[in-house]
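# Structure assessment
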Amino acid sequence: METIENTYSMPRIGDVAPDFEAVTTTGKIKFSDFEPGKWKILFSHPADFTPVCTTEMSGFALEKDTFDGLHTALIGLSIDSIHSHLAWVNNVDEKTGVYFQFPIIADLDMKVSKFYGMLQPNESETAAVRAVFFIDPNHKIRLIMYYPLNVGRNMEEIVRALKALQFSDEHKVAMPLNWKPGEPVIVPPPKTLGEMKERIEDDSLDKVDFYLAKKTI
Ligand code: BEZ
């Protein structure tokens with residue numbers, strides 16, 4: 001049987017995002033003071049100067065306007081030194097013209113990686129997996145993605161998931177399979193017999209039955 005080291009933790013959806021102080025490419029930050037009032041996407045990559053990571057970081061940088069428009073701040077992380085981060089940011093900028101303008105945490109002591117379940121020793125004992133944490137303006141973790149070292153993430157899905165979370169909060173609805181902005185959303189199912197009767201009699205919704213009803217907003 002495997003022993004679980006208590007220094008490793010796995011935050012869960014609904015948890016308050018663990019706070020930390022860290023050295024980043026834009027200076028020292030305390031996470032709880034970082035970009036107050038905004039959504040945050042905290043994401044890890046296994047290592048600087050590696051191919052898949054370069055495509056992913058470039059993907060985040062190229063969507064800067066999208067994330068700004070969604071009132072969302074990006075913050076990257078890997079278990080590399082600040083010197084490595086600076087050299088990589090500069091190299092990618094020189095070679096491709098894509099500049100990683102968001103802060104990247106130099107998590108050399110693995111403190112943040114261990115807090116956020118980014119270090120998954122059966123995948124790698126030294127490199128963070130590809131994690132994405134969606135954190136709302138109240139510091140609550142709302143969605144978590146973990147990808148292995150050998151599969152890059154999907155930027156369209158990251159943006160779609162963020163939009164879905166924000167739309168759900170604003171309109172108190174849920175999103176069906178493959179939902180995209182503009183498509184019908186699911187209204188919460190009734191919780192009482194009275195609400196069920198009302199739902200059955202409501203002709204304004206696109207209904208399969210009382211428990212599966214959609215509307216377009
Ligand atoms: C990459 O980003 O290409 C990569 C990084 C670590 C392990 C495998 C691939």
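Quick notes on the rules
Residues numbered from 1 in each chain as written. Predicted model: local features only at pLDDT ≥ 70, side-chain atom pairs only at ≥ 80, totals over all residues. Heavy atoms only, no water. Near = heavy atom within 4 Å. Polar contact = N/O pair within 3.5 Å; in protein donor to acceptor, adjacent residues only side chain to side chain. Areas by Shrake-Rupley, 256 points an atom, 1.4 Å probe, with all protein chains shown as cover. Helix = DSSP H or I, 4+ residues; strand = E, 2+ residues; numbered from the N terminus. Nonpolar A, V, L, I, M, F, W, Y, C, P; charged D, E, K, R; others polar. 1 Å grid on protein atoms, 1.4 Å probe; cavity = no way out; pocket = protein on both sides within 12 Å on 5 of 7 lines; lining within 4 Å. Points joined across faces, edges and corners; volume = space filled by probe spheres on them. Pairing = 2+ DSSP bridges. Buried < 20%, exposed > 50% of the residue type's maximum accessible area, 1.4 Å probe, protein only. Domains from an automatic or database assignment. Phe/Tyr/Trp six-rings, centres within 6.5 Å; stacked < 30°, edge-to-face > 60°. Expected span 1.5 Å × (residues − 1). Salt bridge = Lys/Arg side-chain N within 4 Å of Asp/Glu carboxyl O.

### Focus on the site of the ligand
P46, T50, P51, V52, C53, R130 and L149 make up every residue found near the ligand. V52 is positioned with one of its backbone polar atoms (N or O) 2.8 Å from an oxygen atom of the ligand. R130 places a side-chain nitrogen or oxygen 3.1 Å from an oxygen atom of the ligand. Relative to its unbound accessible surface of 260 Å², the ligand loses 75% to contact with the protein. No other element matches helix 1 (residues 51-62), which puts three residues into the shell around the ligand. Residues that form the shell around the ligand fall into these classes: five nonpolar, one polar and one charged.

### Details of the layout of surface pockets
With a probe scaled to a water molecule rolled over the atoms, the places where space remains empty come into view. Taken as a whole, the second largest pocket holds about 190 Å³ of empty space. Lining the second largest pocket are F34, E35, K38, K64, F67, D68, T72, A73, L74, Q101, F102 and P103. Contributions of two or more residues to the lining of the second largest pocket are made by helix 2 (64-69) and strand 4 (72-78). A class-by-class count of the residues in the lining of the second largest pocket yields six nonpolar, two polar and four charged.

### Some thoughts on the pairing of strand 7 (residues 141-147)
As paired strands, strand 6 (residues 130-135) and strand 7 are joined by six bridges and run antiparallel to one another. Residue pairing in the sheet places A131 in a bridge with Y146 of strand 7. Between strand 6 and the antiparallel strand that follows it, strand 7, lie five residues; H139 among them carries a positive phi value of about 70°.

### Quick look at the side chain of R130
As for its placement among the helices and strands, R130 is situated in strand 6. The class of R130 is buried, set by a relative accessible area of 3%. A polar contact of 3.2 Å, which involves the side chain of R130, links it to the backbone oxygen of P148.

### Quick look at the domain arrangement of the chain
Interfaces are often sized by the amount of accessible area the parts lose when they come together. Assigned domains of the chain: these are domain 1 (21-154) and domain 2 (172-217). A separation of 37 Å is found between the C-alpha centroids of domain 1 and domain 2.

### Regarding the packing of aromatic side chains
Under the defined criterion, the tally for this structure stands at twelve aromatic pairs. Taking the centre distance of 5.6 Å and the plane angle of 35° together, the rings of F167 and W179 count as tilted. In this pair, F167 sits in helix 5 (residues 155-171) while W179 sits in the loop between helix 5 and strand 8 (185-186), placing the two residues twelve residues apart along the sequence. For the pair F167 and W179, one class covers both residues: buried.

### Looking at helix 5
Across its 17 residues, helix 5 extends 24 Å between first and last C-alpha, which sits within 8% of the 24 Å expected from 1.5 Å per residue. Restricting attention to buried positions, one finds in helix 5 the residues M155, I158, V159, A161, L162, A164, L165, Q166 and F167. Taking the backbone nitrogen of E156 as reference, a side-chain oxygen 2.9 Å away marks N154 as the first, capping residue of helix 5. Where helix 5 terminates, the next one or two residues include K172, which has phi positive at roughly 55°.

### Some details on the pattern of salt bridges
Per the stated rule, a full pass over the model turns up ten salt bridges. Close ionic contact of E56 with R153 constitutes a salt bridge, the shortest N to O distance being 2.7 Å. Within this pair, whereas E56 is found in helix 1, its partner R153 is found in the loop between strand 7 and helix 5, the two being separated by 97 residues in sequence. For E56, a relative accessible area of 7% corresponds to the buried category. Look at R153 and you get buried, because its relative accessible area is 12%. Close ionic contact of K197 with E201 constitutes a salt bridge, the shortest N to O distance being 3.0 Å. One end of the pair, K197, and the other, E201, are both in helix 6 (residues 193-201), four residues apart, so they sit about a helical turn from each other. Across this residue pair, the class does not change: K197 and E201 are exposed. Within the structure, one salt-bridge network assembled from shared partners comprises E56, R130 and R153.

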